[in-house]
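# Chains, contacts and geometry: an overview
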Amino acid sequence: MGTIIAVNGKGGTGKTTVASLIVDYIAANRLGSLLAVDADPNSTLADMLGLKIGATMVGVVDETSKMKDAVPAGMSKDRFIGMRVQESIAEADNFDLLSMGRPEGPGCYCYMNSVLRNVLNDVTKNYSFLVVDNAAGMEHISRRTERVIDRLLLVSDYSIMGIRSAARIASLAKEMDIKVGRSFLIVNKITSSLNSLKNEIDASGIPLAGTIPYDEELIGLSLENMPISKLKSGNVKTAMADIMKKILG
Ligand SMILES: Nc1ncnc2c1ncn2[C@@H]1O[C@H](COP(=O)(O)OP(=O)(O)O)[C@@H](O)[C@H]1O
Ligand SMILES: [Mg+2]
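In this report, the structure presented in the accompanying data block is examined. Residue numbers run consecutively from 1 along every chain, following the written order of its sequence. By the order in which they are written, chains take letters starting at A while ligands take numbers starting at 1. Thresholds applied to this predicted model are a pLDDT of at least 70 for local features of residues and 80 or more for the giving and counting of side-chain atom pairs; totals over whole chains, interfaces and linings are not thresholded and use all residues. Heavy atoms throughout the structure, all of them, feed into the side-chain values; hydrogens and water do not.

## Side note on the overall build of the chain
To keep it simple, the criterion reads: Labels follow the DSSP assignment, with helices taken as runs of H or I lasting at least four residues and strands as runs of E lasting at least two, numbered in each case from the N terminus. The globule rule used here is 2.2 Å times the number of residues to the 0.38 power, and the radius of gyration it is set against is calculated over C-alpha atoms. Using a 1.4 Å probe on the protein chains alone, a residue whose accessible area is under 20% of its type maximum counts as buried, one over 50% counts as exposed, and one in between counts as partly exposed. Should any heavy atoms of two residues lie within 4.5 Å, those residues are counted as being in contact. Surface accessibility follows the Shrake-Rupley procedure with a 1.4 Å probe radius. Residue values consider only the protein chains on display as shielding.
Looking only at helices and strands, the chain has 10 helices and eight strands in total. What you see for the chain is a C-alpha radius of gyration of 18 Å, in line with the 18 Å of a compact globule of 249 residues. Each of the three principal axes of the chain carries a C-alpha extent, and together these read 65 × 40 × 30 Å. Put simply, the chain has 249 residues, and 49% of those count as buried. For the chain, the share of sequence-separated contacts (at least 6 apart) that also reach a separation of at least 24 residues comes to 77%. Only carbon and sulfur atoms are counted for the fraction: they give 50% of the accessible area of the chain, which is about 11,800 Å².

As structure tokens, this is what we get:
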């Protein structure tokens, strides 16, 4: 079982950007096999990673449960769905991408969620690293994804509200009994010193992994829908390398 790195935080703080930067770092430094997981229904991770997604996990489960006689004789339905999800994983040169997709309607939620959990456990055994880009909050995690997180990264923007949201999400994870190895705070889009946020960061009780500067090039890439691998900014890369050493060290 690989190291599960989950990225969370308030909307717009840079979760997907940070998740992409982590994927880029692990891939560029060849730290091991890597599965990126897009667990945000409003997914943009594939775009930031420059991948086209075919099927999503929810789509596969949904489709399979509608098909009559689809499951080959002698095979369990869960196993069959697991196989098809495996086939839906997109492959880049140095990493793979699994998109969860958007669950529709409350109808088959319970069934879907139990299947998704099994499938994820199964699929993820084959990788050294899992980088999960989450929707803001923890609620969806209770429903379907990881009950165990090795590194929970809480991304904040350069604001008090961002830090408070990060702290709220971290305590929600505790309440929900999610097994978190270590949590870290990342303050993104900083334009000046951290002094004015210091009290808030201390109050959050979450150790700071580092900061990422506000960077025009990141804005430009997202405006042009260009992948993060095109990023040249030395400032962002240096910041990311420091953060990764802290997180993995
Ligand atoms: N360090 C940064 N400097 C400048 N812009 C950034 C930075 N990090 C993220 N952004 C921009 O902020 C916006 C939201 O980022 P995104 O990663 O999609 O946030 P989230 O996934 O948390 O909603 C995007 O347009 C992104 O390019
Ligand atoms: Mg996002």
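## A closer look at the site of ligand 1
Selection criterion: To be near a molecule or strand, a residue needs just one of its heavy atoms within 4 Å of it. We call two N or O atoms a polar contact when they sit within 3.5 Å, provided that within protein one can donate a hydrogen and the other can accept it, with sequence-adjacent residues counted only if both atoms are side-chain atoms. Points on a 1 Å grid, built from protein atoms alone, make a cavity when a 1.4 Å probe fits but cannot get out and make a pocket when they are open with protein on both sides within 12 Å along at least 5 of 7 lines; residues with an atom within 4 Å of a point are the lining residues. More than half of a molecule's atoms within 2 Å of the grid points is what it takes for that molecule to sit in a cavity or pocket. Three residue categories are used. Nonpolar comprises Ala, Val, Leu, Ile, Met, Phe, Trp, Tyr, Cys and Pro, charged comprises Asp, Glu, Lys and Arg, and polar comprises the others, including Gly.
Around ligand 1 lies a shell of 17 residues, among which Lys15, Thr16, Thr17, Asn188 and Asp215 are the nearest. Side-chain polar atom of Asn188 to a nitrogen atom of ligand 1: 2.8 Å apart, as the coordinates give it. Relative to its free-state accessible area of 560 Å², ligand 1 is covered by the protein chains to the extent of 84%. Judged by the proximity of its atoms to the pocket grid, ligand 1 belongs to the largest pocket. Within the residue set of the shell around ligand 1, elements represented by two or more residues are helix H1 (15-28), strand S7 (179-190), strand S8 (208-213) and helix H9 (216-223). Looking at the shell around ligand 1 residue by residue, the class counts come to six nonpolar, seven polar and four charged.

## What to know about the pattern of salt bridges
Worth spelling out the cut-off: The term salt bridge refers to a side-chain nitrogen of Lys or Arg lying within 4 Å of a carboxyl oxygen of Asp or Glu.
Evaluated as defined, the whole model comprises four salt bridges. Between Asp62 and Lys66 there is a salt bridge, with its nearest N and O atoms 3.5 Å apart. Within this pair, Asp62 and its partner Lys66 are both found in helix H3 (residues 57-66), separated by four residues, close to a single helical turn. We classify Asp62 as partly exposed; its relative accessible area is 22%. Exposure remark for Lys66: the relative accessible area of 64% places this residue in the exposed category.

## What about unusual backbone geometry?
Notably, Arg30 is not glycine yet its phi reads approximately 45°, a positive angle. Within the fold, Arg30 resides in the loop between H1 and strand S2 (34-39). The phi dihedral of Asn225 is positive, around 55°, even though this residue is not glycine. Note that Asn225 resides in the loop between H9 and helix H10 (234-248).

## Quick notes on the side chain of Ser88
Following the sequence through the fold, Ser88 ends up in helix H4 (residues 77-88). Polar side-chain contacts of Ser88 include one of 2.7 Å to the backbone oxygen of Val85.

## Describing the packing of H3 against H4
Keep this limit in mind: Lines fitted to C-alpha atoms define the axes, with helix axes restricted to the stretch in contact, and inter-axis angles between N-to-C directions lie between 0 and 180 degrees. Should an angle fall under 35 degrees it is taken as roughly parallel, and over 145 as roughly antiparallel, whereas 65 to 115 is taken as roughly perpendicular and any remaining angle as oblique. Note on convention: near helix rotated counterclockwise from far helix by under a right angle means a left-handed crossing. Clockwise means right-handed.
Look at H3 against H4: their axes get within 9 Å of each other, and the N-to-C directions meet at 140°. By the criterion of interaxial angle, the relationship of H3 to H4 is oblique. Once H3 is placed against H4, the crossing between them reads as right-handed. Contacts between H3 and H4 involve Met57, Val60, Val61, Glu63, Thr64 and Ser65 on the former and, on the latter, Lys77, Phe80, Ile81, Arg84, Val85 and Ser88. For the contact of H3 with H4, the per-class residue count stands at six nonpolar, three polar and three charged.

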